[in-house]
Amino acid sequence: MAQLCLCLVLVGITAYAVLGGADFGGGFWDLMAGGAERGGRVRGMVQRSMSPVWEANHVWLIFVLVMVWTAFPVAFGSLFSTLAIPLFLAAIGIIFRGTAFALRGHAATIREARVIGATFALSSVLVPFFLGAAIGGIASGRVPVGNVAGDPVSSWLNPTSVLIGVLAVLTGAYLAAVFLAGDSVAAEQPDLARAFRARALGAGVVTGVVALGGLFVLRSDARALFDGLTSGGGLVAVLVSGLAGAATLGLVATERYGFARWSSALAVAAITAGWALAQSPYVLPPRLTLDQAAASNTTLTTLVIGLAIGAIALVPSLVYLYRLVLQGRLQHEFEPLDQRFRPISPAGNVEGEGSP
Amino acid sequence: MADAALLTLAAERVTGALGGAGGPDAIIARRMQALSLAVHIPIVCFGIAFPAMFLFVEGLYLRTGDLTYKALAKRWSKVALTIFAVGVVTGTILSFEFGLLWPNFMATFGDVFGVGFALEGVSFFIEAIFIAIYVYGWDRLSRRTHFLTGIPVIITGFTGSFWVLGVNAWMNDPVGFKVVNGRVVDPQPYRALLAPNLGHELTHMYLAGYIVAGFLVAGVYAAARLRGRRDLYHRTGLVVALSFAAFASAAQGLVGDWAGRRVADSQPVKLAAFEGLGRTQKGAPFTIGGIYDAKKGETKYGIHVPRMLSILAHHDPNATVTGLDSVPAADRPPVNVVRFAFQAMAAIGTLLALIGLWFVATFLRFGRLPRSPWFYRAVIAAGPLALVALIAGWIATEVGRQPWIVYRVMRTAQAVTKSTGLGVGFAFLVVVYVGLGAAVVWLLRRLASQPPQTEVAAGAAPGGVRQAAG
């Protein structure tokens, strides 16, 4: 039962890393898009892709938190107290990101849109970094059991944490570029599709290089994790992840974005599984094992049954949402983000405006 | 409730799964948590009530075909989505804070109440999915399908509240676990989540959602009416929002009585704090206003109504009501804060019910809206007042639970993180929330300043696209 719950947590982390990560990556490209006019089209595409789904994507994070505190309460209390700083900063970043994204569509002037957009984009980069840094703290065995039993600073400001934080940002950017290229094709914007294709290839190569180089960082900073990732199941997972990442590059290069979505998701799922295998049987290495961390069987059973019942309603809903989105049946037309602020627009009216 | 004496004894023995005493900053942690809740709860009110309101208006559109209703429903749903988005992030902060501020509470009791949040997460997930489909599906889905996609939003608004309040009810009246040698064992989540307090807490909060959202929305249209906007669009906005608020605030009076009696049974010390009742007595008086003097153990300067508290708490003028002196001073909440919050909530609630009554009585008697501008001024004031009552109510119940985080089982001071520098985090959070508040006010003003959209009938334009008129 404990293993089943751990798997559910890993599924949640993977879903959040892929879907939420891509949303953060959208923010990354928004940040890198250049001036208001030059970047207007890229930003418009990010806005179009994210609008209907980002809230649902974000819920995966909540799912992970709730699963961990119910199924592994001692681990949750320990890691949240020791890693309070990066998690608090991530939470603040989440406030800024979500609010700025929600408000952005209502900006009336290009200046307002710039300020709100910059807040959105900057926080989109900071959140995955801090969450990645927190994971680095766990994976490198810096979070002992107890109420702030670990070092509040070096637990997340260390080579492994910085590496995983940077990788989280890059992976998000990679995923986002792959997804956005596909969405641009669907929105019939071939120039944007090309632009995102180039970004996807660039980000993919950079992510791959950093990940490979990162192995050396892990070898010197987190030997146990390194050993886990380079032997047995961990090694298999790392290889699968690497192959899936490389396959995604090939699929993107040949403009087969539909398959690229799945292979990029597989790359993330594999590395998440690899992390779990590498630190198995520990939840908080080097001491707290899965069995010690797990809640009672009654709780775990109730949790799994409850979620299974919930899934009966949830899964069809989720399928329905993504089907509507991918079929283009929800209203999310492409509009360059700066268009509303251009001096002359054909209709002279912003979408949704008009006086009776 | 289980035997109180046993639980008091147990309290001395629960040490918490992370071991050791808590950190020194429990009061700052409580303020941080309170601030975050005070920001999140008003947003939740809109999540509870707004979907029912816009779906009702869409129903009017489907029945009459009048496009004014469609324009209003669409506008409201877009506002709801934006508020929902802000709620997504403020809710996330709360779940982070559970771990950041109260690690020992989570580590000790996560396996008892956590399932509630898991199920709340499922509700919330479905809510996020369908509110997005609903708002982005205007004019894209068939009219019937579109209407139907709104229904899960209402249902999940309810189930979400159900699970969260299940946890809160459990904190106030904990059941579903045993304490053995200072450790919490044998958790039974399904029992814990159907804590006896759930019924009244859920009903009370659910109605509060309709009162707060109803009056705040009605206030916008009341202000418009004072400026001479009397068209169907603005009148519908006013009447629908006000009707929800009026019925909810009338019903809230009955729930208040129910809640009061439940609290008297399960948390007598909290009730004593609400009422400033120093010593246990038969035929206890009800005291309006005044200040509780902890040294003398009595409430001074208030208006005493003899035997009234016994009647309210137990429906019996001679009933014994437990006073604050039933527990040691260290186990009492800060009486005046709790008492003031409770009385503010009750007074405002009464006032809101009267405003609702004014509306309903005029409507039933004359078949029209009240004419007096004072009515509309009152409605404008009612929204912010309802917010104050909402927060005051939560202060009353949460501060009234102190010094316990899990009533009579675990002390708040023991649950708190040992992190230092909470003050810095608190200051930071205040700045962030002030910014957030400013942003939301900015947005609502921006939305309110936009003229309503002109809808064109499906078929009149390709795909029923909106068309700018005028």
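Residues numbered from 1 in each chain as written. Chains lettered and ligands numbered in written order. Predicted model: local features only at pLDDT ≥ 70, side-chain atom pairs only at ≥ 80, totals over all residues.

Caption draft 1: Main features of the overall build of chain B. A count of helical and extended segments in chain B gives 14 helices and ten strands. Radius of gyration (C-alpha) of chain B: 24 Å, near the 23 Å computed for a compact globule of 470 residues. Here the C-alpha coordinates of chain B stretch approximately 75 × 50 × 40 Å along the principal axes. For chain B, the proportion of its 470 residues judged to be buried stands at 53%. (Helix = DSSP H or I, 4+ residues; strand = E, 2+ residues; numbered from the N terminus. Rg over C-alpha atoms; globule rule 2.2 N^0.38 Å. Buried ≥ 20, exposed ≤ 12 C-beta atoms within 10 Å, placed from the backbone.)

Caption draft 2: Expanded view of the overall build of chain A. On a plain count of helices and strands, chain A comes out with 13 helices and two strands. On the principal axes, the C-alpha backbone points of chain A span a range of 65 × 40 × 35 Å. Residues classed as buried in chain A amount to 60% of the 356 residues present. Residue pairs in contact within chain A that sit at least 24 positions apart in sequence constitute 78% of those at least 6 positions apart. (Contact = placed C-beta atoms within 7 Å.)

Caption draft 3: Layout of the interface of chain B and chain A. Every contact between the two is made by 65 residues of chain B and, on the other side, 63 residues of chain A. Of all the secondary-structure elements, those providing two or more residues to the side of chain B that touches chain A are helix 3 (67-101), helix 4 (103-136), helix 6 (189-192) and helix 14 (422-449) of chain B. A total of 22 residues in the side of chain B that touches chain A trace back to one element, the largest contributor, which is helix 4 of chain B. Grouping the amino acids of the side of chain B that touches chain A by side-chain chemistry returns 40 nonpolar, 19 polar and six charged. (Nonpolar A, V, L, I, M, F, W, Y, C, P; charged D, E, K, R; others polar.)

Caption draft 4: The arrangement of the environment of Ala273(B) in detail. All names here are of chain B. Examined against the element boundaries, Ala273 turns out to sit in helix 9 (residues 268-275). Sequence spacing of Ala273 and Ile348 is 75 residues, and the spatial spacing of their C-alpha atoms is 19 Å. In this structure Ala273 touches Leu324, Arg332, Pro333, Val335, Val338, Arg339 and Gly400, once residues within four positions along its chain are discounted.

Caption draft 5: Layout of the nonpolar core. Residues Ala177(A) and Met53(B) are the most contacted members of the largest nonpolar core, which totals 288 residues. Those residues in contact with Ala177(A), other than ones at most four positions away along the chain, are Gly25(A), Trp29(A), Phe196(A), Arg199(A), Ala200(A) and Ala203(A). (Core = buried A, V, L, I, M, F, W, Y, C linked by C-beta atoms within 7 Å.)

Caption draft 6: Highlighting the packing of helix 11 (residues 335-366) of chain B against helix 12 (residues 373-399) of chain B. Residues and elements named next belong to chain B. Running from amino to carboxyl end, helix 11 crosses helix 12 at an angle of 150°, the nearest separation of the two axes being 8 Å. Between helix 11 and helix 12, the interaxial angle falls into the category roughly antiparallel. Read as a crossing pair, helix 11 and helix 12 show a hand that is left-handed. Looking at the contact of helix 11 with helix 12 residue by residue, the classes come out as 23 nonpolar, two polar and no charged. (Axes fitted to C-alpha atoms, helices over the stretch in contact; angles between N-to-C directions. Parallel < 35°, antiparallel > 145°, perpendicular 65-115°, else oblique. Left-handed = near helix turned anticlockwise from the far one by under 90°.)

Caption draft 7: Looking closely at the environment of Ser296(A). Checked against the element boundaries, Ser296(A) lands in the loop between helix 12 (290-293) and helix 13 (297-326). Of the residues examined, Ser296(A) has 18 C-beta atoms within 10 Å and is grouped as partly exposed. If we ignore the near neighbours within four places in the chain, the residues touching Ser296(A) are Asp111(B) and Pro187(B).

Caption draft 8: Highlighting unusual backbone geometry. A cis amide bond links Ser280(A) to the next residue, Pro281(A), at an omega of 5°. Positionally, Pro281(A) belongs in the loop between helix 11 (257-279) and strand 1 (282-284). The amide bond that connects Pro285(A) to the next residue, Pro286(A), takes the cis arrangement and shows omega of 5°. By secondary structure assignment, the location of Pro286(A) is in the loop between strand 1 and strand 2 (288-289). For Val148(A), which is not glycine, the phi torsion reads 55° and is therefore positive. With respect to the element layout, Val148(A) can be found in the loop between helix 6 (110-139) and helix 7 (159-186). Residue Arg307(B) is not a glycine yet carries a positive backbone phi of 65°.

Caption draft 9: Just helix 9 of chain B, in detail. Residues and elements named next belong to chain B. Counting buried positions along helix 9 gives eight out of eight residues, so the element sits mostly inside the fold. For helix 9, the set of buried residues is Pro268, Val269, Lys270, Leu271, Ala272, Ala273, Phe274 and Glu275. The secondary structure elements touched by the buried residues of helix 9 are helix 8 (232-266), strand 4 (286-288), helix 10 (308-314), helix 11 and helix 12. Looking one or two places after helix 9, you find Gly276, whose phi comes out positive at around 65°.

Caption draft 10: Broad picture of the environment of Ile110(A). Mapping Ile110(A) onto the fold places it in helix 6. Put simply, Ile110(A) and Ala36(A) are 74 residues apart on the chain and 7.9 Å apart in space, counted from C-alpha to C-alpha.

Caption draft 11: Representation of the packing of helix 5 (residues 84-104) of chain A against helix 3 of chain B in the model. Running from N to C, helix 5 of chain A and helix 3 of chain B point in directions that differ by 175°, and their axes come no closer than 8 Å. The angle between the axes of helix 5 of chain A and helix 3 of chain B places the two elements in the roughly antiparallel class. Taking contact as the criterion, the partners of Ala84(A), Leu87(A), Phe88(A), Ala91(A), Ile94(A), Ile95(A), Gly98(A), Thr99(A) and Ala102(A) in helix 5 of chain A are, on helix 3 of chain B, Thr82(B), Ala85(B), Val86(B), Val88(B), Val89(B), Thr92(B), Ile93(B), Phe96(B) and Leu100(B). Along the lines of polarity and charge, the residues of the contact of helix 5 of chain A with helix 3 of chain B split into 14 nonpolar, four polar and no charged.

Caption draft 12: Fine view of the confidence of the model for chain B. Residue and element names in this part refer to chain B. Looking at chain B, the pLDDT average stands at 87 and 93% of residues meet or exceed 70. Low pLDDT (under 50) marks residues 1-10, which in the prediction has nine contacts with non-local residues, meaning those over four places away or in another chain. The low-confidence segment residues 458-470 (pLDDT under 50) makes 23 contacts with residues lying over four places distant or belonging to another chain. (pLDDT = per-residue confidence, 0-100.)

Caption draft 13: Just the confidence of the model for chain A, in detail. Of the residues in chain A, 94% have a pLDDT of 70 or more, and the chain-wide mean is 87. In the model, residues 344-356 of chain A has pLDDT below 50 throughout and makes 21 contacts with residues more than four positions away in sequence or in other chains.

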